[in-house]
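The chain contents come next:
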Amino acid sequence: QFLELCTRLTEEHPEVIPFLSSRHQKASPDFLASAELRNILSRCLSRVRTRRNKVYVYINELCTVLKAHTLRRKLPLTSAPSIAALPSPPQPPASPQPPTLPTAGSSRPPSGSKRQIRYLENLLRVYMGEIRRLQERELDLAELDSEDSTYLQESRLKRKMMRIFERLCQLKQCSSLTGRVIEQRIQYRGTRYPEVNRRIERFINRPEAFPDYTDILKVIQKASARHSLGLARRQMESMAQDAFREVGNRLQERRHLDLVYNFGSHLTDQYRPG
């Protein structure tokens, strides 16, 4: 239906529809059969019907989504030639200048082109619009047990957005930190042993870390053995209990504040009590 409608509206540029069809053929079969694509297609179809002068905008939007799900074809591996068959490389001319060694500043990955950055930013906008549309849909009881419910589609899109955002930060050579409370580093100074404090602090600041008592005890035991602290068994167990209580409370408080600051929906952004 989308192709039939766009074919009539793009007669002045006959190359557009074949390009869109090629994007569709290169997309992965799983994505072509997904509810995500059906939702995007139905939305683009309804928008083209209401705003026909924007048909190229919605075709470009669909092409962007299809390109993001292009089926990657692996190249066949060929056997490497033997060392004896390889010609000896020519000797480079002597140079008075020593070879430049990579420094800490030069270890950064090369920045992405403007085209790559623009493409990923456009893809983020497409996914953001789809998430907003999913949030505005009514969820019936029959859909709660579905493996492709609105909530699950929204969750998958958000995970994709996070991967795109991280890749965009790499191309722009900037930090991916967003300033959320959950990203703030927790400092721990609960014992009188700096070696133990450093190991506990490093352990609790790992991504998605929420250790239990046994984890903290193992960290203290490793620190004692590594730095020859000579801590007794009961002393380490007492330190682990105190550290577990303090660390658990601080991690729980950080997660609670992060939820308070970030919980919400664009549907209630404009709401003001009274």
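Our subject is the structure listed above.
Everything numeric in this text was worked out from a predicted model, so none of it was measured.

Q: Explain the overall build of the protein here, please?
A: Each helix and strand counted, the protein has 10 helices and 0 strands in total. Taken from N to C terminus, the helices and strands of the protein fall in the order α-α-α-α-α-α-α-α-α-α. Of all 274 residues assigned to the protein, the portion counted as buried reaches 31%. Taking all contacts inside the protein whose residues are at least 6 apart in sequence as the whole, residues at least 24 apart take part in 68%.

Q: I'm lost on the pattern of salt bridges in this one. Help?
A: Side chains that differ in charge, positive against negative, can pair when their charged atoms come close. The tally for this structure, following the rule as stated, stands at 12 salt bridges. In this structure, Lys-160 engages Glu-36 in a salt bridge whose closest nitrogen and oxygen atoms are separated by 3.1 Å. With Lys-160 in helix 7 (residues 150–172) and Glu-36 in helix 4 (residues 35–50), this residue pair connects regions lying 124 residues apart in the sequence. Across the pair, exposure class does not vary: Lys-160 and Glu-36 are buried alike. A salt bridge links Arg-180 to Asp-258, with the shortest nitrogen-to-oxygen separation between them at 2.5 Å.

Q: What am I meant to see in unusual backbone geometry here?
A: Leave glycine aside and you will find that most residues have negative phi; peptide bonds, for their part, are mostly trans. Positive phi outside glycine occurs at Gln-173, with the angle close to 55°. Relative to the elements of secondary structure, Gln-173 occurs in the loop between helix 7 and helix 8 (194–204). Overall, the relative accessible area of 31% leaves Gln-173 in the partly exposed class. We note that Ser-228 has phi near 55°; this positive angle belongs to a residue other than glycine. Position of Ser-228 among the secondary structure elements: in the loop between helix 9 (213–226) and helix 10 (233–262). The exposure class of Ser-228 is exposed, given its relative accessible area of 64%.

Q: Would you take a moment to explain a positive patch on the surface for this structure?
A: On the surface, Lys-67, Lys-114, Arg-115 and Arg-118 cluster together into a positively charged patch. Residue contributions to the positive patch peak at 3 residues, all from helix 6 (residues 114–135).

Q: For this particular structure, what's the right way to read the environment of Val-48?
A: Following the sequence through the fold, Val-48 ends up in helix 4. By relative accessible area, Val-48 is classed as buried at 0%. Residues Val-48 and Tyr-58 lie 10 residues apart in sequence; the distance between their C-alpha atoms is 7.1 Å. With sequence-adjacent residues up to four places away left out, Val-48 is seen in contact with Phe-2, Leu-5, Leu-9, Val-55 and Tyr-58.

About the cut-offs
Residues numbered from 1 in each chain as written. Predicted model: local features only at pLDDT ≥ 70, side-chain atom pairs only at ≥ 80, totals over all residues. Heavy atoms only, no water. Helix = DSSP H or I, 4+ residues; strand = E, 2+ residues; numbered from the N terminus. Buried < 20%, exposed > 50% of the residue type's maximum accessible area, 1.4 Å probe, protein only. Contact = heavy atoms within 4.5 Å. Salt bridge = Lys/Arg side-chain N within 4 Å of Asp/Glu carboxyl O. Patch = residues over 30% accessible without salt bridge, like charges linked within 9 Å, V, L, I, M, F, W, Y side chains within 5 Å. Areas by Shrake-Rupley, 256 points an atom, 1.4 Å probe, with all protein chains shown as cover. Lys, Arg positive; Asp, Glu negative; His and termini not counted. Charge placed at Lys NZ, Arg CZ, Asp CG, Glu CD.

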